[in-house]
Structures are given as C-alpha cells and as structure tokens.
Amino acid sequence: MLKHNREFQLVYRKGKSAHSPALVLFYLPNTPFVTVGFTASKKVGNAVKRNRAKRRMRALFYGLEPQLAAGSYILVAKATTVDTPYAVMEKALRKMVERVGALQA
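All of these numbers come straight from a predicted model, not from anything done at the bench.

Colleague: Got a minute to help me understand the packing of aromatic side chains in this structure?
Modeller: The way to describe two aromatic rings as a pair is by their centre distance and the angle between their planes. This structure, assessed with the given rule, holds 7 aromatic pairs. Ring geometry for Tyr-12 and Phe-26: centres 4.8 Å apart, planes at 80°, overall edge-to-face. Placement of the pair is Tyr-12 in helix H1 (residues 5-14) and Phe-26 in strand E2 (residues 23-28), with a sequence separation of 14 residues. You can call Tyr-12 partly exposed: its relative accessible area is 28%. Here the aromatic cluster, defined as three or more aromatic residues joined through ring pairs, consists of Tyr-27, Phe-38, Phe-61, Tyr-62 and Tyr-73. Cation over ring: Arg-58 sits above Phe-38, and NZ or CZ is 5.9 Å from the ring centre.

Structure (structure tokens):
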C-alpha cells in the first residue's frame, strides 16, 4: 500500500497513465510485488462521497489484482466515480490496465 507523498509523486512523475470518464490509473513497474494507492480529491464531493469512491476503487482493484503485473498502481477518483455503474467502471479499469501494459501474460 502506498502511504507517503514521495511514493505517490514518484509514480505520478515516472509512471504511465490512462484515463476514463470515472477513473485515472497510474502505473510504474518498479517493485517485485503489487503496491497500490487510492485517492479522491475534494472535487469528488464531501467526505461521504470520497470514501464511497475509494471503497468502489478498492473493490475494483482487488478483484482484478490476480491478473496484474508487479509494480505500483494509483487509482484516482473523478467526480463521476460515485455515480458510474460498477460494471462500466470494471470494464474501463480493465481497458486502462491493458493500455498501460500492466496485465500479466
């Protein structure tokens, strides 16, 4: 789990990114195992909405984790994350992971 600002900044600066209407994914293949961070800014909404967005992102990520390559991942919520259907977000996350080249062969 990514916890410190410097870890997030490293992935933001050196990693690959992919965007969808509800999420942004950053990926950096720098570790022998999977590390992840979730973030939702105040643009997403109040604390209740930000927490809900992060819960949804966690569920999406951990459902896809067995198929992911090792490295650092950051999922960033957008304002539409709370209202987007789960199945749509799941499909979008899979496409983003493929775009950044993070799926295991």
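Colleague: Where do I start with helix H3 (residues 86-99) in this structure?
Modeller: Counting along an α-helix, one turn takes 3.6 residues, and residues three or four places apart therefore face a common direction. When the terminal C-alpha atoms of H3 are compared, their 20 Å separation across 14 residues agrees well with the 20 Å that a helix rising 1.5 Å per residue should span. Residues of H3 that are buried: Met-89, Ala-92, Leu-93, Met-96 and Val-97. In an axial view of H3, the angular spread of the buried residues amounts to 135°, which keeps them on one side of the axis. Seen from the buried face of H3, the exposed residues on the opposite side, beyond 90 degrees, are Ala-87 and Lys-91. Along its buried surface, H3 packs onto strand E1 (16-19), E2, helix H2 (47-64) and strand E4 (71-77).

Calculation notes
- Residues numbered from 1 in each chain as written.
- Predicted model: local features only at pLDDT ≥ 70, side-chain atom pairs only at ≥ 80, totals over all residues.
- Heavy atoms only, no water.
- Phe/Tyr/Trp six-rings, centres within 6.5 Å; stacked < 30°, edge-to-face > 60°.
- Helix = DSSP H or I, 4+ residues; strand = E, 2+ residues; numbered from the N terminus.
- Buried < 20%, exposed > 50% of the residue type's maximum accessible area, 1.4 Å probe, protein only.
- Lys NZ or Arg CZ within 6 Å of the ring centre and 35° of its normal.
- Expected span 1.5 Å × (residues − 1).
- Arc of directions from axis to C-beta.
- Contact = heavy atoms within 4.5 Å.

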